[in-house]
Amino acid sequence: MSNQLRAITLTHVRYFKGDQLGHFLAWVSLVPVFVGLGGFVSHFLFRRELQGMFFALGILISNFINEVIKASVQQARPETCIMLEMCDSHGWPSNHSQYMFFFATYLTLLTYKKMGIMFRKQMLLVGLVVWPLALLTMYSRVYLGYHTVAQVFAGAGLGVFLGGLWFWVVNSLLIELFPVIEESFFGRWFYVKDTSHIPNSMKFEYDNARAARRHASYKRID
């Protein structure tokens, strides 16, 4: 394995040339980018669900809290930050770990509560895909030299706590505002909706889409 560093140019994540595990983990550390740009943006474009929007808002709040803590604690990254040219930023807690564990916690609770298009039967998928990705992301930040073990565990713990707390805030307090948002100018203009009160929203949409095909008023006019 060479001491020459290479980078994934999308976000300039560095790994040692010839290190196949490092190359793989460099891509793993980009999962938060894919979740943010691919997952939440596409969700807004195609679903417009309030649960998903408040999920994304929670991640933004979590990231803001992470930056505030980093600026307050100002704990340095490991010595490898010199090679990575990252010594000008702080390391505690790890933002990547916090992001992924917030995401995993909130999605797990959302799945368990059978909200939106998620069902408890999909809990196995969450357990076999989402949580391993969160753990791999945490491990990748240590392996690639961006964080210490303590920093990634701090980020993971904070992510779990904030994910659970935000889920409670949304689904115990803010959910009362969902009908108001649906009926607001914003909600009507962007077709924003909430289907968390529907036991099986996927079947509901499927049945209604098939039923609408039989009504002339719903047919497209090209």
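None of these values were measured; they are calculated from a predicted model.

Asks: Looking at this structure, I do not really get the overall build of the chain. What am I missing?
Replies: Helix and strand counts for the chain come out as 10 helices and two strands. In the chain, the succession of α and β elements from N to C terminus is β-β-α-α-α-α-α-α-α-α-α-α. Put simply, the chain has 222 residues, and 40% of those count as buried. Contacts in the chain between residues at least 24 apart in sequence constitute 65% of all its contacts with a sequence separation of at least 6. Per element, the accessible surface of the chain, about 13,200 Å² overall, is 67% carbon and sulfur.

Asks: What exactly am I supposed to notice about a nonpolar patch on the surface here?
Replies: Taken together, the side chains of Leu21, Phe24, Tyr139 and Tyr143 make up a nonpolar region of the molecular surface, amounting to roughly 380 Å² of accessible area. Of all the elements in the fold, those that place two or more residues in the nonpolar patch are α1 (20-28) and α6 (123-143). For Leu21, a relative accessible area of 38% corresponds to the partly exposed category.

Asks: Help me understand the packing of helix α3 (residues 50-73) against helix α5 (residues 95-112), please; the structure alone is not making it clear to me.
Replies: The axes of two packed helices give the description: the angle between them and the distance between them. One can describe the packing of α3 onto α5 by two numbers: an axis separation of 10 Å at closest approach and a directional angle of 150 degrees. In terms of orientation, α3 lies roughly antiparallel with respect to α5. Regarding α3 and α5, the two cross each other, and that crossing is right-handed. Of the residues in α5, those in contact with Gln51, Phe55, Gly58, Ile59, Ser62, Asn63, Asn66, Glu67 and Lys70 of α3 are Asn95, Gln98, Tyr99, Phe102, Phe103, Tyr106, Leu107 and Leu110. Partitioning the contact of α3 with α5 into residue classes produces eight nonpolar, seven polar and two charged.

Asks: Looking at this structure, how should I read the environment of Met123?
Replies: Relative to the helices and strands, Met123 is located in helix α6. For Met123 and Leu109, which are 14 residues apart along the polypeptide, the C-alpha to C-alpha distance reads 9.4 Å. Beyond its immediate chain neighbours, meaning those up to four positions away, Met123 contacts Thr108, Thr111 and Tyr112.

Asks: Could you clarify how one ought to interpret the packing of α3 against helix α7 (residues 149-172) in this entry?
Replies: Their axes nearest at 10 Å, the elements α3 and α7 cross at an angle of 140 degrees. Between α3 and α7, the angle is such that the two are oblique. Like other packed secondary-structure pairs, α3 and α7 cross with a definite hand, here right-handed. Mapping the contact onto sequence places Gln51, Phe54, Phe55, Leu57, Gly58, Ile61, Ser62, Ile65 and Ile69 in α3 and Leu158, Leu162, Trp166, Val170 and Asn171 in α7. For the contact of α3 with α7, the per-class residue count stands at 10 nonpolar, four polar and no charged.

Cut-offs applied
- Residues numbered from 1 in each chain as written.
- Predicted model: local features only at pLDDT ≥ 70, side-chain atom pairs only at ≥ 80, totals over all residues.
- Heavy atoms only, no water.
- Helix = DSSP H or I, 4+ residues; strand = E, 2+ residues; numbered from the N terminus.
- Buried < 20%, exposed > 50% of the residue type's maximum accessible area, 1.4 Å probe, protein only.
- Contact = heavy atoms within 4.5 Å.
- Areas by Shrake-Rupley, 256 points an atom, 1.4 Å probe, with all protein chains shown as cover.
- Patch = residues over 30% accessible without salt bridge, like charges linked within 9 Å, V, L, I, M, F, W, Y side chains within 5 Å.
- Salt bridge = Lys/Arg side-chain N within 4 Å of Asp/Glu carboxyl O.
- Axes fitted to C-alpha atoms, helices over the stretch in contact; angles between N-to-C directions.
- Parallel < 35°, antiparallel > 145°, perpendicular 65-115°, else oblique.
- Left-handed = near helix turned anticlockwise from the far one by under 90°.
- Nonpolar A, V, L, I, M, F, W, Y, C, P; charged D, E, K, R; others polar.

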